[in-house]
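Secondary and tertiary structure notes
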Amino acid sequence: PATEEMLVTGSRVKRTSFSASAPVQTIDRREIEYSGATNMADLIQYLTLSSGSGFRGDAGALPGAVRLNLRGLGSGATLVLLNGRRMAYSASGIETHYADIGTIPLAAVERIEILKGGASAIYGSDAVAGVVNIITRKEWDGARIELDGQTTGEFDQKEGTGSLAIGATGERSRVSAAVSYHRGSE
């Protein structure tokens with residue numbers, strides 16, 4: 001029997017192959033390492049799509065909390081997924097509810113996928129600005145230690161970050177663990 005091509009039309013525009021409704025930006029492990037970032041706040045600070053993110057001077061959040069603000073619509077309008085599942089809201093949310101991505105050690109992150117368009121029709125009202133999916137490392141063997149520090153010319157302000165990630169795989173199992181510590185002076 002001859003096979004026929006079937007066209008599925010979800011709108012009035014015919015498409016023969018699947019295409020995403022909004023552009024997706026992917027930041028892989030290699031880009032993360034080349035960025036020089038030592039924590040999630042450093043990594044998202046320079047994203048062109050992100051505005052007002054980070055943990056310094058962020059109104060409505062406790063010190064040390066890192067929240068995403070895609071397209072300037074507020075951190076409550078950006079959905080954060082961890083391995084495809086919703087991250088729990090931070091207890092430090094005073095004005096809005098948001099996921100604190102500062103709790104994820106950068107050494108454990110394999111890649112970050114950012115859906116740049118609104119996705120509230122699929123995910124709900126907390127995805128109006130977009131969706132960020134953080135994928136952690138799964139199948140890797142070894143250990144990774146990352147140490148970073150910085151200070152001013154007068155040594156009156158200092159910051160340091162240390163991260164450790166360990167992974168092991170077997171025939172029927174895998175385990176990974178990561179921890180990160182950040183300390184900064186006033």
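We now turn to the structure provided with this report.

Rules behind the numbers
- Residues numbered from 1 in each chain as written.
- Predicted model: local features only at pLDDT ≥ 70, side-chain atom pairs only at ≥ 80, totals over all residues.
- Heavy atoms only, no water.
- Helix = DSSP H or I, 4+ residues; strand = E, 2+ residues; numbered from the N terminus.
- Contact = heavy atoms within 4.5 Å.
- Areas by Shrake-Rupley, 256 points an atom, 1.4 Å probe, with all protein chains shown as cover.
- Patch = residues over 30% accessible without salt bridge, like charges linked within 9 Å, V, L, I, M, F, W, Y side chains within 5 Å.
- Salt bridge = Lys/Arg side-chain N within 4 Å of Asp/Glu carboxyl O.
- Buried < 20%, exposed > 50% of the residue type's maximum accessible area, 1.4 Å probe, protein only.
- Pairing = 2+ DSSP bridges.
- Core = buried A, V, L, I, M, F, W, Y, C linked by side-chain atoms within 4.5 Å.

Some words on the overall build of the protein
What the protein contains, in helices and strands, is 3 helices and 8 strands. For the protein, the sequential pattern of α-helices and β-strands runs β-α-α-β-β-β-α-β-β-β-β. Put simply, of all contacts in the protein between residues at least 6 apart along the chain, 54% involve residues at least 24 apart. Put simply, the protein shows about 12000 Å² of open surface, and 52% of that area lies on carbon and sulfur atoms.

With respect to a nonpolar patch on the surface
Taken together, the side chains of I145, L147, L164, I166 and V179 make up a nonpolar region of the molecular surface, amounting to roughly 510 Å² of accessible area. Breaking the nonpolar patch down by element, the ones donating at least two residues are strand 6 (142-151) and strand 7 (158-169). Checked against the element boundaries, L147 lands in strand 6. Since its relative accessible area comes to 74%, L147 is described here as exposed.

As for the pairing of strand 4 (residues 109-115)
Across 5 bridges, the pairing between strand 1 (residues 24-28) and strand 4 is antiparallel. If you follow Q25 over to strand 4, its bridge partner there is I114. Strand direction decides the pairing type here: strand 4 and strand 5 (residues 130-136), joined by 6 bridges, are antiparallel. In the sheet register, I114 faces strand 5, and the bridge partner there is V132.

Some words on the nonpolar core
Counting 25 residues, the largest nonpolar core has M40, I101, V109, I112, I114 and I134 as its most contacted members. Listed by contribution, the elements that provide at least two residues to this core are helix 2 (40-45), strand 4 and strand 5. When residues of this core are assigned to their parent elements, the largest contribution, 4 residues, is made by helix 2. Within the second largest apolar cluster, 5 residues are counted, among which are L81, A119, A127 and V131.

Some words on the pairing of strand 7
Taken together, the 10 bridges between strand 6 and strand 7 define a ladder with antiparallel strand orientation. What sits directly across from L147, in strand 7, is G162. Between strand 7 and strand 8 (residues 174-184), which pair antiparallel and follow one another directly, the connecting turn spans 4 residues.

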